[in-house]
Amino acid sequence: MCPQPRSIMSSPSTVQEVADSQELTSDGKRCLSQLDRPAKFRRVTAETDYVPASIEDALLRLKTNRLLEYNQLVYIFPMAKPNLQAPDNSALPLMDKVREFLAGNGQVMLIMGDSGAGKSTFNRHLENKLWTHYEVGGPIPLFINLPALKQPDEDLVAKQLRTIDFSEEQIWDLKQHRQLLLICDGYDESQLISNLHTTNLFNRPGQWDVKLLITCRTQYLGPDYRDRFAPKATGQYHCTASNLFQEAVIAPFSKEQIELYVEKFVPLIPRTWVKKDYMDKLTTIPNLMELVRNPFLLTLALEALPSVVKNNTTLSNLRVTRVELYDTFVDHWLKVNKRRLQDQTLKDKHKAFEDLLADGFVQSGIVFQKDLAEAIFQEQEGRPIVEYSNRRDRSSWKARFFDSEPERSLLRDSSLLSRTGNQYRFIHRSVLEYFFSCFIWDASRDDDEFAPHVYSEATGVSLPVTDHPLSKRSLVPELSVIQFLAERVQMQPIFKQYLLALVELSKSNPQAIMAAANAMTILVRAGVRFHGADLRGIRIPGADLTGGQFDSAQFQDSDLTGITFTKAWIRQADFTRARMNETRFGELPSLREVSEVLSCAFSPDGRSFATGLKNGNISIYDTTTWIRIRVFQGHEMGTQSLAYSKTGFPLLSGGSFGTVRLWDGETDTIDHVLKGHSWGVIAVAFSPSGMQFASAGADKLVRLWDTRTRTVTFVINHFDDVTGIAYSPDGNSIASCCYGHVQVSDTQTGLLVLSFGTSDVGYCCLGYSPNGQLIVTGDTAGELQLWEATTMMPRIKWRGHSGSVRSVEFSPKGQWIVSGGDDKTVKVWSGYAATLVSTFTGHTEGITSVAFSLDGSLIASGSKDRTVRLLEVNSAGFGLDVDGAFDSKPSVAYSPDGRLLISGSRAGVIQQHDAESGEIGLVIRRQEFRANSVAYSSDGRQIAMGGSEGDVTLWSAHTGAHENTLLGHTMDVRVVAFSPCGQWIASSDDRTVRLWDARSGTSIQVISGNRVSFVRSLSFSSSGTDIAFGGSSGTVQVWDVTTGKCKMEMGGGSFGHCFMRYIPRSLRAVSCDGRKGVRLWDEKGRYYRFILQHSRIFIQHFAFSSCGQWIASVQDKTVHLWRSPLENRPQDWEYVLAVEGCLGKIKEIVWRPNKLEFATADVGGSTRVWRIVERFDKVVVQLLWGAGGSGLVASGSLLNDAIGLGTFNRNLLR
């Protein structure tokens, strides 16, 4: 007899029960239970409170029932990161974090995770352990399934207790005398937006005394999610008490956790496969290990794998997606249930079962669940729990699924549903979303011939539109449903054609507009590119085209109302006469000034914004229109610093000539000019009360001024030029910094309170957190540091910028830190863990000032490039579904046959793309090391990665398996190359070039010396016997690999920009000096002549096309193309055109073999592939595809007569 599968799915995240580990922390120490150690819970004792017997009897019954209901066959202890932006390798045991919460003063803990990460499983496990250790009078664990309660934002605890038969008297006694640990599961599924702690008045006098633990899917949250969970400060219900709030994010399974899971999974029921069979398949099928790091998907995968690999002999070519796992698992589940029913005596249901078999049991089960999912979305707006009463609901839509009719009863009992009393739900939210996506598009179904069809002449596809689910509702909010459908697009070309036909149909049929908007959203999420596409006249209002690729697309006369184009690629797109009302781009246009921007500030009411300029002027903008409304003139030179008062004077400024000025915003006049500093004023600030302000300057002094009398009250001395000041939120302290020193002084006495000094750090800026507990500093080394404000004890220190940090500030609620530096980037960090959230590029010169608006919705960045950029904090890409934090892509390489392209990132990830489509195949992760350089072997079978820690690693290009590590370098390996003959590997760190035997991995030669420094290029001759390299020493060299002797050395180049490469299929080489141009050398290494020079172009990288007729050179974000002269014109190469659009400085450029295509990798995290097209003596460069990175690119877009496009957005796109 086949076993019943429901025993497994009753605990979808099956986990290991290891009794001893329950009492151990992650470092192996014994962990006291919460009853053994001093706890922050209030316990009932004989001396304090009376415990009614009826209460303890009821609690004993509840404890017994809950312990009996717990059915976790296997449990893997989850790991958790401190926040959403933290890397996976920062994770610690989640149970340790919860124990800390239980033992501390915190009142709310939020546990986040992706769908299927194991949140509910952990909650049930936690409840079980708390009940196991429960003693009379102790805190009471109460598991609450939030979607099962109506309006849980009010009277939450009492409602839950009533469902488990507690009387009103018992509820009152518990409220008055006991403390509860509330484990609230499914905040997202209940579709809540309120703060449960606030709306239920928890921990207020006379109310429930609780510790509140809440779980929620990350996809449901926005950037300001903490407002929904953090307790409010006592007496200040507009402010959060961040010290009472904790959070954790369940991390994906590691390989070790997956192996342990499989080990415990295999013995559950008799199987033909053993652990090794499962692990072999998981590791061999490309990217499957990455997919099953999600516990729920791992469960599905293990059940489905035998069917997935059946009759597939070449597993390394097999691709498995999430939707395929669900497809296979559902089919497997229904087949097992069919066999179960066949082995049972069904009595009165026998006829119904025979009818189902005749119709196809599996297909009938799928249809039943698809229809139920559609009804839940249609009738309940997606709320997952369905309550059914046969007496009350027999005439409602629910009866079609939950009445006692035999066929429906059989299908219901065989479906992926769970039941608690009269409540039904799919076993997991993702299962509901999967079946709803199947209702929208099912690959196995035939189009209903009786549905109303509309024919599209453009595609020849007959479409049912009016009654189609895509026409019923916008799917934009349903991210998981969109993702399932996007994977269908990638799997089934017919679905892609269907969606494209809907988009085309919207041009002529108004009934198709909603369906077309959904279709376009799905297509963009699926990665379908629309470069050069004819989209004239399409109508897709409300579609989400975030990250879409529309290079040179034709949008004329289209309806793009309410479209989201955040971080989309719309370079050279034509929007003539397109309707673009309320179209969003994720950022505002830059403000352009006549002089360098040195400082900027938002007014407290948010209505004004000020910029301080190098010419001494101050520009004031109206933030509703972003029009300059006035200009203050007075400072003779740079306005170095600005500050608005929160309560009094409008504006304070500090100038380079040592004056401080107060401005009257109503009369546009100077109210006071204050002198005292003998050198330039670098920083100014108002106290929170507005009764005092401070100025700091190059005279090594901080002056504290009385706002009312305009007189100096205290002078604070420093050791060097004072570069930054900030008041504490309570106004009692002021922090200031200079080179090598940070100190905190008392604002009422001027006396020094705290001080920290180090001679090797030049501090540039600082700021207080809104709660006053932290200080953040930025320095000349590009590092940021968090300090305990009350002790100046250092906390986290991290490298933030490649140049000096010029400005840093906490967001108004403290969840973010923004920094700007000389490296021209603005970066946003988590204010809690200092992990990178997002990077903004776009400035062409260094950042001088950054500021949050007072509501936290905007970041302003001022720069020496004379602009201020305005960035929307709530825009897509800054939210929680960001594609990952900033991940520089420093290297790319094509396979020898040109079919594949690999990219390596600073995060230690190598991605292998199809060179034509950009589709990602193989992914190699080595997160503890950076991938500085990547290269293919000459036969395309191996990939070499030069990384941090001085190693060169070799990987199978077919399976991604690690094959060898070449050890010898002592610093980061920055360049790596294979010889064309396949015999040698060359690599270089900052001081040596090493040659290795490619087969054995042994070192055969080391080249070193004063002139081998920061090697930037390695190039083998076509025969593989010579190797050329150039570096920052300004020299290029050629060495004979066979003899180990230097054949040629040429010096005199520009420091840091010297390269040497061999011309493809030639014995001749070229050297590149960034400032002087490209020189040609003959076969014997003799200088021949310059072939490429340009007075206005500084060459930072260059590469030859495989035909040898094109050169691509790089200057910052721009690629310059050069073409070989005709044979009868032997002069310098011809300059053709410039290609712009990369998101950051280009770090690598390579040509595709045998194609006029080249790829770029930039520090913005993007890989772009470009194609050269020659038409009638005109050269055009088209974007073929792009991957990674994210940012709005709109250069060259046409906006003539675009309808409804506001001035802001029009200026932005220009």
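Residues numbered from 1 in each chain as written. Predicted model: local features only at pLDDT ≥ 70, side-chain atom pairs only at ≥ 80, totals over all residues. Heavy atoms only, no water.

This part takes up the overall build of the protein chain. Counting its secondary structure elements, the protein chain contains 22 helices and 68 strands. Put simply, the protein chain has 1214 residues, and 58% of those count as buried. Long-range contacts, defined as pairs at least 24 residues apart, comprise 51% of the intrachain contacts of the protein chain with a sequence gap of at least 6. About 49,500 Å² of surface is accessible on the protein chain, with carbon and sulfur atoms providing 48% of the total. (Helix = DSSP H or I, 4+ residues; strand = E, 2+ residues; numbered from the N terminus. Buried < 20%, exposed > 50% of the residue type's maximum accessible area, 1.4 Å probe, protein only. Contact = heavy atoms within 4.5 Å. Areas by Shrake-Rupley, 256 points an atom, 1.4 Å probe, with all protein chains shown as cover.)

Moving on to the pairing of strand β31 (residues 774-779). Here β31 lies mainly inside the structure; six of its six residues are buried. Where burial is concerned, the two faces of β31 agree: the one with Leu 774, Val 776 and Gly 778 and the one with Ile 775, Thr 777 and Asp 779 are both buried. For strand β30 (residues 752-768) and β31, the ladder comprises five bridges, and the chain directions are antiparallel. Following the sheet pairing, Tyr 763 is matched in β31 by Asp 779. Counting the residues that bridge the hairpin from β30 to β31 gives five residues, and of these Gly 772 lies at a positive phi of roughly 75 degrees. When β31 meets strand β32 (residues 783-788), the two strands line up antiparallel, connected through five bridges. What sits directly across from Gly 778, in β32, is Leu 784. With antiparallel pairing between neighbouring strands as the criterion, β31 and β32 make up a hairpin whose turn holds three residues, including Gly 782 at a positive phi of roughly 85 degrees. (Pairing = 2+ DSSP bridges.)

Per-residue confidence for the protein chain gives a mean pLDDT of 83; residues scoring 70 or more make up 85%. Every residue in residues 1-50 scores below 50 in pLDDT, and together they form 125 contacts with partners more than four places removed in sequence or on other chains. Predicted confidence is poor over residues 875-886, with pLDDT under 50, and the contacts of this stretch with residues over four places away or in other chains come to 31 contacts. (pLDDT = per-residue confidence, 0-100.)

Ordered in space as β34-β35-β36-β37, the four strands form an open sheet in which the pairing is antiparallel. Each having just a single partner strand, β34 (805-810) and β37 (836-840) make up the two edges of the open sheet. Direction aside, neighbouring strands of the sheet carry axes that sit 15 degrees apart on average. Pairing analysis gives four bridges linking strand β36 (residues 826-830) to β37, with the strands arranged antiparallel. Across the sheet, the residue bridging to Lys 827 is Thr 839, located in β37. (Axes fitted to C-alpha atoms, helices over the stretch in contact; angles between N-to-C directions.)

This brings us to helix α6 (residues 168-177). Each α-helix turn comprises 3.6 residues. Residues three or four places apart therefore point the same way. Among all positions of α6, only Gln 170, Ile 171, Asp 173 and Leu 174 are buried. The buried residues of α6 all sit within an arc of 160 degrees when viewed along its axis, so they share a single face. Exposed residues lying more than 90 degrees from the buried face of α6 are Glu 169 and Trp 172. (Arc of directions from axis to C-beta.)

Here we come to the side chain of Gln 912. Note on placement: Gln 912 falls in strand β43 (residues 909-914). Owing to a relative accessible area of 8%, Gln 912 belongs among the buried residues under this scheme. A polar contact of 2.7 Å, which involves the side chain of Gln 912, links it to the side chain of Tyr 936. When residues no more than four places from it in sequence are discounted, the contact partners of Gln 912 are Leu 900, Leu 901, Ile 902, Glu 919, Ile 920, Gly 921, Leu 922, Tyr 936, Ile 943 and Ala 957. (Polar contact = N/O pair within 3.5 Å; in protein donor to acceptor, adjacent residues only side chain to side chain.)

What follows concerns the packing of aromatic side chains. Using the criterion set out here, one finds 43 aromatic pairs in the structure. Plain terms: the ring middles of Trp 131 and Tyr 134 are 5.3 Å apart, the flat faces sit at 65 degrees to each other, and that makes the pair edge-to-face. We note that Trp 131, like Tyr 134, is buried. Ring geometry for Tyr 187 versus Phe 229: centroids 4.7 Å apart, planes at 55 degrees, classification tilted. Here Tyr 187 is found in the loop between β5 (179-185) and α7 (196-199), whereas its partner Phe 229 is found in the loop between β6 (209-217) and β7 (232-233), with 42 residues between them in sequence. In this structure, Tyr 187 and Phe 229 share a single accessibility class: buried. What links up through ring pairs into an aromatic cluster is the set Phe 296, Tyr 326, Phe 426, Tyr 434, Phe 435 and Phe 484. Here the basic side chain of Lys 211 rests over the ring of Phe 101, its NZ or CZ set 4.7 Å away from the ring centre. (Phe/Tyr/Trp six-rings, centres within 6.5 Å; stacked < 30°, edge-to-face > 60°. Lys NZ or Arg CZ within 6 Å of the ring centre and 35° of its normal.)

Let's shift gears to helix α18 (residues 429-440). Look at α18: 17 Å from first C-alpha to last across twelve residues, which is about the 16 Å you get at 1.5 Å a residue. Across the twelve residues that make up α18, a large majority, eleven, are buried. Buried residues belonging to α18 abut β6, α11 (295-308), α12 (322-342), α14 (361-380), β12 (423-426) and α19 (479-491). (Expected span 1.5 Å × (residues − 1).)

In terms of nonpolar packing, the biggest core is built from 97 residues, with Leu 499, Ile 540, Phe 550, Phe 555, Phe 565, Ile 570 and Phe 575 touching the most fellow members. The element best represented in this core is α14, accounting for nine residues. Phe 555 has contacts with Leu 535, Arg 536, Ile 538, Phe 550, Leu 560, Phe 565, Ala 573, Asp 574, Phe 575, Thr 576 and Ala 578, leaving out every residue within four places of it along the chain. (Core = buried A, V, L, I, M, F, W, Y, C linked by side-chain atoms within 4.5 Å.)

The next thing to look at is the environment of Glu 56. For Glu 56, the location among the structural elements is in helix α2 (residues 53-69). Between the alpha carbons of Glu 56 and Gln 170 there is a distance of 9.8 Å; along the sequence they are 114 residues apart. At 3.0 Å, the side chain of Glu 56 forms a polar contact with the side chain of Arg 178.

By the secondary structure assignment, Arg 571 is in the loop between α21 (513-525) and β15 (587-592). Residue class for Arg 571 comes out buried when judged on its relative accessible area of 5%. A distance of 3.2 Å separates a polar atom in the side chain of Arg 571 from the backbone oxygen of Val 1181. For Arg 571, the residues in contact, after removing those within four places along its chain, are Phe 550, Asp 551, Ser 552, Glu 1140, Trp 1170, Val 1181, Gln 1182, Leu 1183, Val 1193, Ala 1194 and Ser 1195.

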